[in-house]
Amino acid sequence: MDGNGRWARRRGLPRTDGHTAGEETLATIVRAAAERNVGWLTVFGFSTENWVRPRTEVRHILSLHKKLFGRITELNDKNASIRWIGRPFDEPGALTPVFIQKAIKKAIADTAGNSGLVVTVAFDYGSRAELVRASQIALRSAEAITPDLLSANMYDPSVPPVDVVVRTSGEARISNFLLWQIAGAKVYFTERTWPDFNASELDAAIALVNSNI
Ligand code: IPE
Ligand code: MG
């Protein structure tokens, strides 16, 4: 989700305040999505490219992920479960710190019984890395390489083909997000920064899925 920094700058606030506001927006949108019977919501929390940001900013974003993965009661209230995609913790080069790994594992375990909305958080995630790994696994199998075989080897193969990608903050790029899964997706662009994203924008994005454009 993009635009936390711009949201803060426009208000004369530190960037970290923008990330804090963005995490609150995510909690709101998760609630709204659950109430609208959305099946899957996959969010780009932190990319493999984001680690080069200033240390204090990275540390702040990490603490917000701990908070996010700690929202177990809210998720259970909405019958929503949490999943995660990203570089596997034991993979060379993977950078998810242990305290986030623990928060992820606990959130997954504590919400696994819920049958509604699946919220998948992409953290230490990059789509090209995901595709390279899927290709390597597929090559090691004796099978012919097919789209189904690659799909089966994504970080979380249960993430279905995406209906709509939401891109906030006036950005027109896809930024290495779910490249394989968005092959047939609509793309909803909005000028709003992520902290200003709201339920009516979510409705507009969902409406795009059923429109003829
Ligand atoms: C998104 O907001 C948060 C992350 C990428 C973690 P940005 O930090 O990219 O905000 P802008 O692009 O500077 O406005
Ligand atoms: Mg940005």
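Evaluation of the coordinates by the stated rule reveals nine aromatic pairs. Both rings, one in Trp84 and one in Phe89, keep their centres 4.4 Å apart while their planes meet at 25 degrees; by these two values the pair is stacked. For Phe89, a relative accessible area of 24% puts it in the partly exposed group. Ring plane angle 80 degrees and centroid distance 6.1 Å describe the contact between Tyr125 and Phe177, whose orientation is recorded as edge-to-face. Here Tyr125 is found in strand E3 (residues 118-125), whereas its partner Phe177 is found in the loop between strand E4 (164-167) and strand E5 (186-189), with 52 residues between them in sequence. Site record: aromatic cluster; members linked through ring pairs are Phe44, Tyr125, Tyr155 and Phe177.

What the rule picks out here adds up to 20 salt bridges. We note a salt bridge from Asp196 to Arg11, for which the minimum N-O separation is 3.7 Å. Taken together, the positions of Asp196 in the loop between E5 and helix H8 (199-209) and Arg11 in the loop between helix H1 (4-10) and helix H2 (15-35) put the pair 185 residues apart, joining distant regions of the chain. The shortest N-O distance in the salt bridge between Glu24 and Lys67 comes to 3.1 Å. Taken together, the residues Glu24 in helix H2 and Lys67 in helix H3 (residues 55-69) connect sequence positions 43 residues apart. A relative accessible area of 38% places Glu24 in the partly exposed class. Here the salt bridges do not stand alone but share partners, grouping Glu23, Glu24, Arg31, Lys67, Arg71 and Glu74 into one network.

Here we take up the site of ligand 1. As a matter of local geometry, ligand 1 sits amid Met1, Asp2, Gly3, Asn4, Gly5, Arg6, Arg15, His19, Gly45, Asn50, Arg53 and Ile61. Backbone polar atom of Gly5 to an oxygen atom of ligand 1: 2.9 Å apart, as the coordinates give it. At 2.7 Å, a side-chain N or O of Arg15 approaches an oxygen atom of ligand 1. Elements that contribute at least two residues to the shell around ligand 1 include exactly H1 and H2.

Parameters at a glance
- Here the residue index of a chain counts from 1 through its sequence in written order.
- Each chain takes a letter, starting from A, and each ligand takes a number, starting from 1, following the order in which they are written.
- Two thresholds apply to this predicted model, a pLDDT of at least 70 for residue-level local features and 80 or more for giving and counting side-chain atom pairs, whereas whole-chain, interface and lining totals are computed over all residues.
- Excluding hydrogens and water, the side-chain figures rest on all heavy atoms present in the structure.
- When the centres of two rings from Phe, Tyr and Trp lie within 6.5 Å, Trp using its six-membered ring, the rings pair. Their planes under 30 degrees apart give stacked, over 60 give edge-to-face, and anything left gives tilted.
- Categorising residues by exposure relies on relative accessible area from a 1.4 Å probe, with only protein chains included: less than 20% of the type maximum marks a residue as buried, more than 50% marks it as exposed, and the intermediate range marks it as partly exposed.
- Secondary structure follows DSSP: runs of H or I at least 4 residues long count as helices, runs of E at least 2 residues long count as strands, and numbering of each begins at the N terminus.
- What counts as a salt bridge is simple: a side-chain nitrogen of Lys or Arg found within 4 Å of a carboxyl oxygen of Asp or Glu.
- Throughout this document, a residue counts as near a molecule or strand when at least one of its heavy atoms sits within 4 Å of that molecule or strand.
- Polar contact criterion, stated in full: a pair of N or O atoms within 3.5 Å, where within protein one must be able to donate a hydrogen and the other to accept it, and residues adjacent in sequence count only if both atoms are side-chain atoms.

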